[in-house]
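What follows is each chain in one-letter form.
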Amino acid sequence: MPEISSNGRVQHVTGIYTMTANQRPQRESMEYDVVIVGGGPAGLAAAIRIKQLAAQQEREVSVCLLEKGAELGAHSLSGAVLDPRGLNELIPDWKERGAPVNVPVIEDRFLFLTERGALKTPNFMLPPALKNEGNFVVSIGELVRWLGTQAEALGVDVFPGFAAAEILYNDDGSVRGVATGDMGVGKDGQPTSNYQPGMELHAAYTLFAEGARGHLGRQLIERLGLDKGRDPQAYSLGVKELWELDPAKHKAGMTIHTAGWPLDTHTYGGSFVYFMGERQLAIGYIVGLDYKNPYLSPFEEFQRFKTHPAIRPFLEGGRRIAYGARAIAAGGLQALPELAFPGGALIGCEAGFLNGAKIKGMHTAIKSGMLAAEAVFEATTAGRRHDTLAAYPESFRRSWVYDELYRARNFKPLMSKGLRLGGLLFGIDQMLLRGHAPWTLHRSKPDHEYLLPAAQCKPIAYPKPDGKLTFDMMSSLYLSGTMHEENQPIHLTLKNPDIPVNVNLATYAGPEARYCPAGVYEFLPAENGEMRLQINAANCVHCKTCDIKDPKQNIVWITPEGGGGPNYPNM
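An account of the accompanying structure is given in this report. Not measured: the values here are computed from a predicted model. (Residues numbered from 1 in each chain as written. Predicted model: local features only at pLDDT ≥ 70, side-chain atom pairs only at ≥ 80, totals over all residues. Heavy atoms only, no water.)

### As for the environment of Asn 88
- In this fold, Asn 88 is placed in helix α2 (residues 85-90).
- Among the residues examined, Asn 88 registers a relative accessible area of 36% and is labelled partly exposed.
- Separated by 275 residues in sequence, Asn 88 and His 363 have C-alpha atoms that sit 9.4 Å apart. (Helix = DSSP H or I, 4+ residues; strand = E, 2+ residues; numbered from the N terminus. Buried < 20%, exposed > 50% of the residue type's maximum accessible area, 1.4 Å probe, protein only.)

Listed below in structure tokens is the structure:
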């Protein structure tokens, strides 16, 4: 296997593989007090907090963090505007330590768009959730890389390029740890000359911080019934570009949000336009994955949005430098699963701590990681292992994160009533009732169940890209830096290979060819003249949209080899 230097203890164990018995190799294992899966804000905050507490009490607690991206930040994508509250609590002197948080928000604009016009909402009419005073425009990739240096300085073993592919369980059903994926397995499932077995990482507690719709988190939620009695999670897809602007058009610290065109008033979505430092602009579009029309393409809606007269002038004369996409878990408090279970916990966007009303999740992710870390440290120093960290959900319910999510809890259910009515009702909920309405609204269906048959919907004719302001998907994908080892099993799996053509194409006009923002899915003629689904797995940007929106839940995203996927610079 690849070399890993660690303070963990190494031993040999027998792995479980789909190969024949004679081909099954031995997997090494390492023992840690804590294993963290995912190197985003939540996972890194948890690692840092555990080590901070250990240093304060002069105790040794070993912590390992796995990140499937080639480096920290490679798979991190967000708007992003940072509410610094979580960072203030985690590292109070972050400014002195050189954190890449140095562009304060100086102006907020919220626009309601029609096809040709824009209505600016006066700031006094904006609910508190949409006001950014005291916040910062940041790159999540840069922030994550900086948090990684802080974690390593405290003694955390950080392993980028290693994907956690399997959950390991004890005989009593508690989580024992994870195993990294094998390297060098060919498309046929057989080992190649470059084969290297994965490694087992055992821990007293394992924290899962993979982000929205995490591969392992989804398995845990299903296996342990962690979502019993909760609302179905509500997801959106965020598509983003990074631009370098004409200096005369750049205003560092200005933020713009829009609702309305190009989406119809019954489809949830909107845009963000954030002016960063050094002439850079982060621009993106978010579409709720509960949309009904199978002809809708979130990627194409984003391209259309950039042509609006209120947006286009900012981009003209500029240059697009990066592209990416990621699913967002925005169901709020009612959709949070049970956070702790025997041997582990869910943190950050893995659980769904994003505040959809604020369009922010980094601050809540950081705090959730800290709360879990404090429960883990208390348990490990008491000599406990593999039990349920009851202190974590208890401290969450006492925290400002709970209060914030509680006040925003009706946002997603209200917005499902449409832009006009939903926006009005949410304004009343926030401005008059201050988020403390004597009722809590709920959603009853998962996103994929909202999709209507194509016969009930109107096709959408999207304009051709001009190559200057609007672009095709393949040139966009190139700017994501996406790469995968070509000779490996396809990580976009089908439960039933007949469903894409016989159901999705026949009934829904093949929505996977449009909801995917990376051109992974294509319907092409087969040799017999019938249609077939081609899966271009090497294009995958790991957004997880297919796993969420497939109308029959036939597509299952599993992790490919570590180090593959997008390689975002400072998204």
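### Points about the sheet that holds strand β5 (residues 107-113)
- Ordered by their spatial adjacency, seven strands build an open sheet running β6-β5-β15-β16-β17-β14-β18, and the pairing between neighbours is mixed. Looking along the sheet, the strands with just one partner apiece sit at the ends: β6 (118-120) and β18 (319-329). Looking at each pair of strands side by side, their axes are set apart by 20 degrees on average, direction ignored.
- Here seven bridges tie β5 to strand β15 (residues 254-260), and the two strands are oriented parallel to one another. Looking at β15, one finds that Phe 110 is bridged to His 257. (Pairing = 2+ DSSP bridges. Axes fitted to C-alpha atoms, helices over the stretch in contact; angles between N-to-C directions.)

### Details of the environment of Ala 518
- Looking at the element boundaries, Ala 518 is found in the loop between α14 (512-515) and β22 (521-525).
- The buried category is assigned to Ala 518, whose relative accessible area is 1%.
- Spatially, the C-alpha atoms of Ala 518 and His 542 are 9.4 Å apart, while their sequence positions differ by 24 residues.
- With near-sequence residues (within four places) excluded, Ala 518 lies in contact with Met 473, Met 474, Leu 477, Asn 539 and Val 541. (Contact = heavy atoms within 4.5 Å.)

### Quick look at helix α3 (residues 140-153)
- Taking 1.5 Å per residue as the helical rise, α3 with its 14 residues ought to reach 20 Å, and the 20 Å between its terminal C-alpha atoms agrees with that figure.
- Ile 140, Gly 141, Leu 143, Val 144, Trp 146, Leu 147, Gly 148, Gln 150 and Ala 151 are the residues of α3 that are buried.
- Its buried side turned inward, α3 meets α1 (41-56), β4 (81-82), α2 and α7 (362-381).
- Remark: Gly 155 follows α3 within two positions and exhibits a positive phi of approximately 105 degrees. (Expected span 1.5 Å × (residues − 1).)

### What about the nonpolar core?
- In this structure, Phe 208 and Tyr 392 are the most contacted members of the largest nonpolar core, which totals 84 residues.
- The biggest single contributor to this core is α7, with 11 residues.
- Setting aside residues up to four positions removed in sequence, Tyr 392 forms contacts with Leu 339, Ala 340, Ala 345, Leu 346, Ile 347, Phe 353, Ser 368, Leu 371, Ala 372 and Ala 375.
- Listed in part, the 69 residues of the second largest apolar core include Tyr 274, Ala 327, Val 520 and Ile 555. (Core = buried A, V, L, I, M, F, W, Y, C linked by side-chain atoms within 4.5 Å.)

### Quick look at the pairing of strand β17 (residues 280-288)
- Among the nine residues of β17, nine are classified as buried, and the element is accordingly described as predominantly covered.
- Here β17 shows a buried face lined by Gln 280, Ala 282, Gly 284, Ile 286 and Gly 288 and a second buried face lined by Leu 281, Ile 283, Tyr 285 and Val 287.
- For strand β14 (residues 235-244) and β17, the ladder comprises nine bridges, and the chain directions are antiparallel. Paired with Leu 242 across the bridge in β17 is Ala 282.
- Two strands pair when backbone bridges link them, and strand β16 (residues 269-275) and β17 are joined in this way by seven bridges, in the antiparallel orientation. Bridge pairing in β17 places Gly 269 opposite Val 287.
- Joining the antiparallel neighbours β16 and β17 is a turn of four residues, in which Glu 278 adopts a positive phi near 55 degrees.

### Overview of the packing of aromatic side chains
- For the structure shown, the criterion picks out 14 aromatic pairs.
- Taking 5.2 Å as the distance between ring centres and 65 degrees as the angle between the ring planes, the aromatic pair formed by Phe 110 and Phe 112 counts as edge-to-face.
- Ring centres 5.8 Å apart and planes at 80 degrees place the aromatic pair Phe 299 and Tyr 323 in the edge-to-face group. With Phe 299 in helix α5 (residues 298-305) and Tyr 323 in strand β18, this pair connects stretches of sequence that are 24 residues apart.
- Since its relative accessible area comes to 0%, Tyr 323 is described here as buried.
- Through pairs of rings, three or more aromatic residues link up here, namely Phe 353, Phe 396, Tyr 402 and Tyr 406.
- Over the face of the ring belonging to Trp 557 we find Lys 544, whose NZ or CZ atom lies 4.3 Å from the ring centre. (Phe/Tyr/Trp six-rings, centres within 6.5 Å; stacked < 30°, edge-to-face > 60°. Lys NZ or Arg CZ within 6 Å of the ring centre and 35° of its normal.)

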